[in-house]
Amino acid sequence: MVIKRREFIQVGSLATASLMLPKFLKAFERPMMVPPGNKVVVVIQFSGGNDGLNTVIPIRNDIYYNARPKLGITKDLALPLTDEVGLNPALIGLKQLYDDGSLGILNSVGYPNPDRSHFRSMDIWQTASNSNQFLTSGWIGRYLDAQCSGCDKPTQALEIDDILSLALKGENNNGLAFKDPRRLYSSSNEKYFKDINADHHRSEETADYLYKTMSETLSSADYIFQQSKLHPTAETYPGTELGKDLKTIASLILSDINTKLYYVSLGSFDTHVNQDNQQKRLFTEFSDAITAFTSDLKKNNRFDDVLMFTFSEFGRRVSQNASGGTDHGTANNVFLISGGLKQKGIINPMPDLSDLDEGDLKYKIDFKSVYATVLDKWLGADDKSILGSQYDYLNFI
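Definitions and cut-offs
Residues numbered from 1 in each chain as written. Predicted model: local features only at pLDDT ≥ 70, side-chain atom pairs only at ≥ 80, totals over all residues. Heavy atoms only, no water. Helix = DSSP H or I, 4+ residues; strand = E, 2+ residues; numbered from the N terminus. Buried < 20%, exposed > 50% of the residue type's maximum accessible area, 1.4 Å probe, protein only. Contact = heavy atoms within 4.5 Å. Areas by Shrake-Rupley, 256 points an atom, 1.4 Å probe, with all protein chains shown as cover. Pairing = 2+ DSSP bridges. Salt bridge = Lys/Arg side-chain N within 4 Å of Asp/Glu carboxyl O. Polar contact = N/O pair within 3.5 Å; in protein donor to acceptor, adjacent residues only side chain to side chain. Expected span 1.5 Å × (residues − 1). Axes fitted to C-alpha atoms, helices over the stretch in contact; angles between N-to-C directions. Parallel < 35°, antiparallel > 145°, perpendicular 65-115°, else oblique. Left-handed = near helix turned anticlockwise from the far one by under 90°. Nonpolar A, V, L, I, M, F, W, Y, C, P; charged D, E, K, R; others polar. Core = buried A, V, L, I, M, F, W, Y, C linked by side-chain atoms within 4.5 Å.

Describing the overall build of the protein chain
Regarding its fold elements, the protein chain presents twelve helices and twelve strands. Considering the protein chain as a whole, with its 397 residues, one finds that 57% of them fall into the buried category. When contacts within the protein chain are restricted to residue pairs at least 6 apart in sequence, those whose partners lie at least 24 apart make up 73%. For the protein chain, the computed accessible surface area is about 16,700 Å², with 49% contributed by carbon and sulfur atoms.

Following this line, the structure appears as structure tokens:
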């Protein structure tokens with residue numbers, strides 16, 4: 001059968017919007033429950049390089065205020081965590097989680113020989129590579145490869161976005177990206193795509209791959225949509241993008257869908273100018289959405305089984321710039337949110353502002369140790385084979 005170029009573009013658009021879910025999707029045609037007690041991870045990416053020093057604030061550190069005479073957040077405005085540390089005033093929901101023992105904070109998380117390019121540093125975080133290493137598969141994608149090898153009930157990763165991130169792309173298996181289960185279902189059930197999928201004959205390799213991608217997407221869309229309707233959340237979520245995304249994730253967590261990893265992004269945190277207003281807007285969106293999400297999980301007795309963690313591709317420089325912002329830096333903080341944390345509060349020391357690397361923070365925790373801990377202790381996976389090396393485990397779970 002001959003397919004016009006326009007048709008390939010349309011099919012390609014569907015594939016891009018929902019991207020590749022491999023052969024194991026067929027397994028979803030059988031009921032596969034994830035009962036309470038099974039662990040789930042939600043990764044929240046702060047895109048653009050969030051300024052960690054104005055997120056978790058050293059409120060009694062003169063070096064911080066001298067380096068940021070206009071941008072530093074004063075002690076009276078910060079949300080107090082300890083006598084020495086405060087939280088960005090827009091993060092009211094995280095302060096509440098801190099107070100009830102559901103928040104952990106890792107400081108100075110990064111990697112050796114840091115790269116200050118958004119694209120390169122994000123690739124490093126998403127692939128879990130060394131700074132001089134270039135990988136084509138993501139750490140979550142390799143988790144899928146490992147879990148789905150010879151497994152009759154493989155796990156799955158979902159990204160709430162229109163484009164699949166490198167983090168969820170494996171060598172053999174990929175996660176699925178979609179913004180809304182209903183929209184994915186509606187698109188995949190258009191007669192146009194059904195007819196093409198039913199009538200095509202395998203031909204050249206490129207076309208075969210495209211058809212395979214489309215077929216696998218079609219086979220999953222109905223299942224995901226039906227599962228998302230099983231236990232619609234009664235919680236009120238903010239109408240922001242992140243609020244809607246976390247509402248979708250909550251509905252899926254509360255259903256019987258066999259998903260262990262969710263991935264969602266918020267940004268942009270690239271605050272070279274006008275940092276106060278930009279960070280306040282994004283943190284308000286984050287705080288409000290997290291408050292609704294954690295409340296939903298608690299009411300449905302799933303908060304102990306869900307681990308959320310945040311990351312950004314790098315932090316910002318210690319000193320403010322001349323435009324009311326900060327420039328690309330290095331190490332950063334990571335938020336950990338769960339009812340199942342073993343370490344809570346401020347887990348390790350705040351950054352040492354008297355010992356900098358040419359104006360940048362020195363990393364103390366390799367981010368791959370965070371991944372290794374999540375993979376081994378939370379998901380029960382072989383972190384060494386997934387990450388390619390053995391990294392120290394942390395004790396937050």
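Quick look at the sheet that holds strand β2 (residues 56-58)
Spatial ordering of the open sheet is given by β2-β4-β3, a layout of three strands whose pairing is antiparallel. The sheet is open, and its two edges are formed by β2 and β3 (79-80), each paired on a single side. Where β2 and strand β4 (residues 85-87) come together, three bridges link them in antiparallel fashion. Within the sheet, the bridge partner assigned to V56 lies in β4 and is L87.

Details of the pattern of salt bridges
Counting across every chain of the model gives 14 salt bridges. For K179, the salt bridge identified is with D245, shortest N-O distance 3.0 Å. In this pair, K179 sits in the loop between β7 (176-178) and α6 (181-188) while D245 sits in helix α9 (residues 241-253), placing the two residues 66 residues apart along the sequence. Residues K179 and D245 agree in their burial class; the two are buried. Linking D305 and R302 is a salt bridge whose minimum nitrogen-to-oxygen distance equals 3.1 Å.

A look at the side chain of E235
Here E235 lies in the loop between α8 (205-230) and α9. A distance of 3.2 Å separates the side chain of E235 from the side chain of S295, its partner in a polar contact. Ignoring anything within four residues of it in the chain, the contact list for E235 reads A292, S295, D296 and K299.

Describing α9
The end-to-end C-alpha distance of α9 is 18 Å, a good match for the 18 Å that 13 residues give at a rise of 1.5 Å each. With ten of its 13 residues buried, α9 lies for the most part within the structure. When we look at burial in α9, the residues that qualify are L242, G243, D245, L246, T248, I249, A250, S251, L252 and I253.

Some thoughts on the packing of α9 against helix α10 (residues 275-299)
At a minimum axis separation of 9 Å, α9 and α10 run at an interaxial angle of 15°. In terms of axis orientation, α9 runs roughly parallel to α10. Note on packing geometry: the crossing formed by α9 with α10 is right-handed. Residue-level contacts link E241, L242, G243, L246, I249, A250 and I253 of α9 to E285, F286, A289, I290, F293, D296 and L297 of α10. Taken together, the residues that form the contact of α9 with α10 break down as ten nonpolar, one polar and three charged.

Quick word on the nonpolar core
With 46 residues, the main nonpolar core has F286 and F293 as its most contacted residues. Broken down by element, the residue count for this core peaks at eight residues, all from α10. Excluding residues within four positions of it along the chain, F286 makes contact with I44, F46, L91, L94, L242, L266, T310 and F335. Counting residues in each nonpolar core, the second largest holds 42 residues, with L164, L307, L336 and F396 among its members.

A closer look at unusual backbone geometry
Cis geometry is adopted by the peptide bond preceding S268, which originates at G267 and carries an omega value of 10°. Assignment of secondary structure puts S268 in the loop between β8 (261-267) and α10. Of note in this structure, A128 is not a glycine but carries a positive phi near 60°. Note that A128 resides in the loop between α4 (118-127) and α5 (139-148). A residue is classified by how much of its surface remains accessible, and A128, at 3% relative accessible area, is buried.

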